[in-house]
Amino acid sequence: MLETIATAPPDPILGLTEAFNADSNPDKVNLGVGIYKDAEGRTPTLDCIREAEKIVAAGQTSGGGYLPMTGLAEYDQLTIDLLFGPASAAVREGRVLAAQTPGGTGGLRVAGDFIHAMFPEARIWMSCPTWANHKGIFTASGIAQESYPYYDHATGSLDFDGMTAALSKVPAGDVVLLHACCHNPSGMDPDPAQWKQLAALAAERGFLALFDCAYQGFGDDIDRDVAGLRAFADAGLEMLVASSYSKNFGLYNQRIGAFSVVAPSPDAAMAAMSQAKLCIRVNYSNPPAHGARLVAAVLGDDSLRARWQTEVAAMRDRINSVRRKFVETMASKTDRHDFSFITTQRGMFSFSGLSTEQVHALRDKHAIYMVDSGRISVAGLNDHNLERVCSAIASVL
C-alpha cells in the first residue's frame, strides 16, 4: 500500500526552511520563517523564562500525571485575563472559558473541529491574504471556505472599505476569521475605531468571529494589540479565540497556546467548552505541562510579569527599528520602488511588494530566502545582513 503514495508538495514556509538549511552559502539569509531573531541573528531565551524555569523546577516533586483535557487551570485563567483584561464584564460574569492547546495551530484546529461539529453548514471567511496554514487547518476540519478583501497591494495599506463591504454580506451563522493584531502576512491592522465598526457589523449580520491572536505585544503593546477582541466582548458578542505564546514568550518548541470561547452566559460557555473537550479528546487528549507552567509562573508573578513586558517591548522596538533601517537603506539604493509603507506595518511580517520571479531570483542568485508571495520576516534582518539584502533586492527590481 505504501508504495503507491506520491510525495506531498513541500509546505510553503517550513519547506522553505528545509531548502535554506540545505544551502551551503555561508552568507544565506532566511526571511521566511516566523521566528524572532535578535540583532545577532539568534533566537533568545527570555530572562523571565530563565527565572520561571527555576521556579517550576523547585516546585516539582514528581513527574505528575496527565493534565485535564483543558490543560493547566491557572494557565487558562491567566490567558483569559491577558486577552480580555480582568475588568472585562465577560470575564467577571464567567462567560469566558479557555483550554490550553498545543500552540496556536492546535487552538485553531480545536476551533475548526468545534465549528464543524456544532455548525456543520457554517462557512469560514478568511482575509485575502491570510496565513498559509489557515486554509489547510480548516480544510482538515471539513469547513467550507470563503474570502474577503483585506490588503491593497497598490497602496500597501488596509482595504477597510473592501473588507466591510464583503463582510456586510456574510450570512448569519457563518464564521469570520480575524487576525487580532500584526496581520500575517500583511502587517496591517484595523485601528480601534475600525474594530468597533467590525463589532457592530458582526452584531448586525449575526456572524461568529474567530480571532487568531499569535503576536500579542508585537504590534503596539500588550493591551492595544487585543483591542479587537475587547471591542467584540464589550459589545456583548460571542466569539472564539485561538492564541499563542510562541512569539511573545519565545517558547516556540514548547507548543503553548489556547482555545477560548466567549458565550452569552456561564452555562452556555460551559456547554460550548464541553463540546470542545470532545474535539480535544479525539485529537491529542490533553496538552503537555511544562510550557504552561512557565507561562503561568511569569504571568502569575508581578515582578516576572513586568520583566516579561519589558522584554516584549524590547523585541517590538527592535523590529520597528529594523523596518525603518530597511526603508532608509532601500531608498539609498534605488528609486524604482517606494518601500516606505513598510514602516506603517506592525509585527514580524511585511509584504515587500516583490514578485514571485524576483523572490526566486533572490533565492537563486543571492541565497536570500522568502516565501513566493514576497512576505518577509522582518526579524530576520539585522546590521550584519541588511546592507547585503537591500543591495540584492535593488538588483532584482
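In short, a report on the structure. Everything quoted here is computed from the prediction, not taken from an experiment. (Residues numbered from 1 in each chain as written. Predicted model: local features only at pLDDT ≥ 70, side-chain atom pairs only at ≥ 80, totals over all residues. Heavy atoms only, no water.)

1. Focus on the packing of aromatic side chains
And then number 1: Evaluated as defined, the whole model comprises twelve aromatic pairs.
And then number 2: When the centroid spacing of 5.6 Å and the interplanar angle of 85° are considered together, the rings of Phe 20 and Tyr 369 count as edge-to-face. Note that Phe 20 is positioned in helix α1 (residues 14-22) and Tyr 369 in strand β12 (residues 368-369), a separation of 349 residues in sequence. Across the pair, exposure class does not vary: Phe 20 and Tyr 369 are buried alike.
And then number 3: Aromatic side chains Tyr 215 and Phe 349 sit 5.9 Å apart centroid to centroid with 85° between the ring planes, which places their arrangement in the edge-to-face category. Residue Tyr 215 is located in the loop between β8 (208-213) and α9 (227-234), and its partner Phe 349 is located in strand β11 (residues 349-351); the two are separated by 134 residues in the primary sequence. Note on accessibility: Tyr 215 and Phe 349 belong to one class, buried.
And then number 4: Put simply, the rings of Tyr 75, Tyr 245, Phe 249 and Trp 308 touch in pairs and so form one group of aromatic residues.
And then number 5: Cation over ring: Lys 28 sits above Phe 20, and NZ or CZ is 4.6 Å from the ring centre. (Phe/Tyr/Trp six-rings, centres within 6.5 Å; stacked < 30°, edge-to-face > 60°. Helix = DSSP H or I, 4+ residues; strand = E, 2+ residues; numbered from the N terminus. Buried < 20%, exposed > 50% of the residue type's maximum accessible area, 1.4 Å probe, protein only. Lys NZ or Arg CZ within 6 Å of the ring centre and 35° of its normal.)

2. Details of the environment of Ala 193
And then number 1: You can see Ala 193 is positioned in helix α8 (residues 192-205).
And then number 2: Using a relative accessible area of 48% as the deciding quantity, one classes Ala 193 as partly exposed.
And then number 3: Considered as a pair, Ala 193 and Ala 227 are 34 residues apart in the sequence and their alpha carbons are 9.6 Å apart.

3. Considering α1
And then number 1: Taken as a whole, α1 has its buried residues at Gly 15, Leu 16, Thr 17 and Phe 20.
And then number 2: Buried-residue contacts for α1 involve β1 (29-30), α13 (356-366) and β12. (Contact = heavy atoms within 4.5 Å.)

4. What about the pattern of salt bridges?
And then number 1: With the rule as written, the count across this model stands at twelve salt bridges.
And then number 2: For Asp 38, the salt bridge is made with Arg 42, and the minimal N-O distance between the two is 3.7 Å.
And then number 3: Here Asp 38 falls in the buried class, since its relative accessible area comes to 16%.
And then number 4: Of the charged contacts, one joins Lys 333 and Glu 387 as a salt bridge, the two residues approaching to 2.6 Å between their closest N and O atoms. Of this pair, Lys 333 sits in helix α12 (residues 302-333) while Glu 387 sits in helix α14 (residues 386-396), and the two are 54 residues apart along the sequence.
And then number 5: Of the residues examined, Glu 387 reaches a relative accessible area of 47% and is grouped as partly exposed.
And then number 6: Connected through salt bridges with shared partners, the residues Arg 123, Glu 146 and Asp 174 form a single ionic network. (Salt bridge = Lys/Arg side-chain N within 4 Å of Asp/Glu carboxyl O.)

5. Side note on the nonpolar core
And then number 1: With 104 residues, the main nonpolar core has Phe 84, Phe 211, Phe 232 and Trp 308 as its most contacted residues.
And then number 2: No other element matches the nine residues that α12 contributes to this core.
And then number 3: Residue contacts for Phe 232: discarding those within four places in its chain leaves Leu 178, Trp 195, Leu 198, Ala 199, Ala 202, Ala 209, Phe 211, Leu 237 and Met 239.
And then number 4: Grouped together as the second largest cluster of nonpolar side chains are 26 residues, Phe 114, Ile 137, Phe 138 and Leu 210 included. (Core = buried A, V, L, I, M, F, W, Y, C linked by side-chain atoms within 4.5 Å.)

6. Observations concerning the packing of helix α2 (residues 47-59) against α12
And then number 1: Where α2 contacts α12, the axes come no closer than 8 Å and their chain directions differ by 150°. With respect to α12, the element α2 is oriented roughly antiparallel. Only Leu 304, Arg 307, Trp 308 and Glu 311 of α12 make contact with α2, whose side of the interface consists of Asp 47, Cys 48, Glu 51 and Ile 55. (Axes fitted to C-alpha atoms, helices over the stretch in contact; angles between N-to-C directions. Parallel < 35°, antiparallel > 145°, perpendicular 65-115°, else oblique.)

7. Details of the side chain of Asp 76
And then number 1: With respect to the helices and strands, Asp 76 occurs in helix α3 (residues 73-84).
And then number 2: Here Asp 76 sits buried without a salt bridge, and the closest side chain of opposite charge, Lys 277, lies 9.7 Å off (N-O distance). (Lys, Arg positive; Asp, Glu negative; His and termini not counted.)

8. Observations regarding the packing of α2 against helix α11 (residues 290-299)
And then number 1: The geometry of α2 relative to α11 is characterised by a closest axis approach of 9 Å and an angle of 110° between their N-to-C directions. As the angle between them shows, α2 and α11 are arranged roughly perpendicular. In this structure, α2 uses Cys 48, Ile 49, Ala 52, Glu 53, Ile 55 and Val 56 to contact α11, whose residues at the interface are His 290, Arg 293, Leu 294, Ala 297 and Val 298.
And then number 2: The residue inventory of the contact of α2 with α11, partitioned by class, reads eight nonpolar, one polar and two charged. (Nonpolar A, V, L, I, M, F, W, Y, C, P; charged D, E, K, R; others polar.)

9. Some thoughts on α14
And then number 1: Among the residues making up α14, those that are buried are Leu 386, Val 389, Cys 390, Ala 392, Ile 393, Ala 394 and Val 396.
And then number 2: As for α14, its buried residues are in contact with β1, α12, α13 and β12.

10. Here's the deal with the environment of Leu 237
And then number 1: In this structure, Leu 237 sits in the loop between α9 and β9 (239-244).
And then number 2: Overall, Leu 237 belongs to the buried group, its relative accessible area being 14%.
And then number 3: Put simply, Leu 237 and Gln 145 are 92 residues apart on the chain and 22 Å apart in space, counted from C-alpha to C-alpha.
And then number 4: If sequence neighbours within four positions are ignored, Leu 237 has contacts with Ala 199, Ala 202, Ala 203, Phe 232 and Val 262.

11. Focus on the sheet that holds strand β3 (residues 123-128)
And then number 1: The seven strands lie next to each other as β2-β10-β9-β8-β7-β3-β4, forming an open sheet whose pairing is mixed. Each of the sheet's edge strands pairs with one partner strand only, and the pair in question is β2 (96-102) and β4 (144-149). This sheet shows a mean twist of 25° between the axes of neighbouring strands, independent of strand direction.
And then number 2: With six bridges connecting them, β3 and β4 associate as parallel partners. Each residue of the ladder has a partner; that of Ile 124, found in β4, is Gln 145.
And then number 3: Across the face of the sheet, helix α7 (residues 160-167) comes into contact with β4 and β7 (175-179) while running at roughly 140° to β4. (Pairing = 2+ DSSP bridges.)

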